[in-house]
Amino acid sequence: MIKRELLFSKMKPQDYEEMISFLGGKMEELGYVKNTYVPAVLEREKGFPTGLQMGDYGIAIPHTDREHVYQSALAIATLAEPIEVCSMINPEEKVRVSLVILMAVEDPDGQVKMLSKLMGLFQDVETLKRLEHASSVEEMYNIVAKMELEIA
């Protein structure tokens, strides 16, 4: 389920690690993930980066194993300026991302299901444009609430 308290508009992180730490920290504060979650996501990104170039849009979907999760949640941030992350397709290449979706999925089969739903979303260029240009958390919420991103 999409939660307003995990949506952030026009963030200005120094780098990707700071963005993951901020979003994961919010998830931890709200009781969705364990204190091992952020370090596990950062470690996983080193070996299995999650930057994706979808046409003109760069998106990152960092996540880690369910053992670090109490309750499923998504934290979504749009960025004021793109940041560089390593590509999921070719880790040697960089992708400039302006949308970060941090996934915490407790259900063992939920991660694959959620990634599949997100990939469907990423192919909808109009929705991505609206999300990227949303000027407030409320506007972001109204866009993502229609995407049926319920998490098992």
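Placed above this text is the structure.
The structure contained in this document is the topic of the report that follows. In this convention, every chain numbers its residues from 1, walking through the sequence in written order. Given that the model is predicted, a residue must reach a pLDDT of at least 70 before its local features are reported, and side-chain atom pairs must reach 80 or more before they are shown or counted; all residues, however, enter totals for whole chains, interfaces and linings. Excluding hydrogens and water, the side-chain figures rest on all heavy atoms present in the structure.

A short note on the overall build of the chain
Going along the chain from the N terminus, every DSSP run of H or I of four or more residues is numbered as a helix, and every run of E of two or more is numbered as a strand. When helices and strands are tallied, the chain shows five helices and five strands. The order of α-helices and β-strands along the chain, N terminus first, is β-α-α-β-β-β-β-α-α-α. For the chain, whose C-alpha radius of gyration is 14 Å, the value lies close to the compact-globule estimate of 15 Å for 152 residues. Viewed in the frame of its principal axes, the chain has a C-alpha envelope of about 35 × 35 × 25 Å. Here the globule rule is a power law, 2.2 Å times the number of residues to the power 0.38, and the radius of gyration is based on C-alpha atoms.

Quick notes on the sheet that holds strand β4 (residues 73-86)
Pairing within the open sheet is mixed, and its five strands lie in the order β1-β4-β5-β3-β2. Each edge of the sheet is formed by a strand with only one pairing partner; in this case those strands are β1 (7-11) and β2 (51-54). Strand-to-strand twist in this sheet, taken as the mean axis angle between neighbours without regard to direction, amounts to 25°. Judged from the three bridges that link them, β1 and β4 form a sheet pairing that is parallel. Bridge pairing in β4 links Leu7 to Ile76. Helix α1 (residues 16-29) rests against β1, β3 (57-60), β4 and β5 (94-104) of the sheet, and its axis sits at about 170° to β4. When DSSP locates at least two bridges between a pair of strands, those strands are taken to pair. Note on geometry: axes are C-alpha line fits, over the in-contact stretch for helices, and angles between N-to-C directions span 0 to 180 degrees. Working rule for contacts: check all heavy atoms of both residues, and any pair within 4.5 Å makes them a contact.

Considering the environment of Asp107
Looking at where Asp107 falls in the secondary structure, it is placed in the loop between β5 and α3 (110-122). Sequence separation between Asp107 and Ser72 is 35 residues; the distance between their C-alpha atoms is 7.6 Å.

Focus: the layout of surface pockets
In this model, the largest pocket occupies a volume close to 190 Å³. Definitions used for this entry: grid spacing 1 Å over protein atoms alone; cavity, a set of points where a 1.4 Å probe fits but cannot get out; pocket, an open set with protein on both sides within 12 Å along at least 5 of 7 lines; lining residue, one with an atom within 4 Å of a point. For the largest pocket, the full set of lining residues is Tyr16, Glu17, Ile20, Leu42, Glu45, Lys46, Pro49, Glu84, Val85, Cys86 and Lys94. When contributions to the lining of the largest pocket are tallied by element, the ones reaching two or more residues are α1, α2 (37-47) and β4. Residues are grouped as follows: nonpolar covers Ala, Val, Leu, Ile, Met, Phe, Trp, Tyr, Cys and Pro; charged covers Asp, Glu, Lys and Arg; every other residue, Gly included, is treated as polar. Classifying every residue of the lining of the largest pocket gives six nonpolar, no polar and five charged. Grid points are joined across faces, edges and corners, and a volume is the space filled by probe spheres set on the points.

Overview of the pairing of β5
In terms of burial, β5 is largely enclosed, as nine of its eleven residues are buried. Across two bridges, β3 lies against β5 in parallel orientation. Bridge pairing in β5 places Ile59 opposite Leu99. Where β4 lies against β5, ten bridges are found, and the strand directions are antiparallel. Bridge assignment links Ala75 to a residue of β5, and that residue is Leu102. Think of it in three bands: with a 1.4 Å probe and only protein chains considered, a residue is buried below 20% of the maximum accessible area for its type, exposed above 50%, and partly exposed in between.

A look at the packing of α1 against α2
Two elements in contact, α1 and α2, have axes separated by 9 Å at closest approach and are oriented at 150°. In terms of axis orientation, α1 runs roughly antiparallel to α2. Every pair of crossing elements has a handedness; the one defined by α1 and α2 is right-handed. Of α2, the residues touching α1 (which contributes Tyr16, Glu17, Ile20, Ser21, Gly24, Gly25 and Met27) are Tyr37, Val38, Val41, Leu42 and Glu45. Residues of the contact of α1 with α2, tallied by class, amount to seven nonpolar, three polar and two charged. The labels follow the angle: roughly parallel below 35 degrees, roughly antiparallel above 145, roughly perpendicular from 65 to 115, and oblique for the rest. Crossing handedness is read from the near helix: turned anticlockwise from the far helix by less than a right angle, it gives a left-handed crossing, and turned clockwise, a right-handed one.

Quick word on helix α4 (residues 125-132)
Taken residue by residue, α4 has Thr127, Leu128 and Leu131 as its buried positions. Buried residues of α4, seen end-on, are gathered within an arc of 100° and therefore sit on one face of the element. Note: the arc covers the axis-to-C-beta directions of the helix.

Description of the packing of α4 against helix α5 (residues 137-145)
Across the interface, α4 lies against α5 with an axial gap of 9 Å and an inter-helix angle of 160°. As the angle between them shows, α4 and α5 are arranged roughly antiparallel. Read as a crossing pair, α4 and α5 show a hand that is left-handed. Across the interface between the two elements, Thr127, Arg130 and Leu131 of α4 pack against Met140, Ile143 and Val144 of α5. Considered class by class, the residues forming the contact of α4 with α5 number four nonpolar, one polar and one charged.

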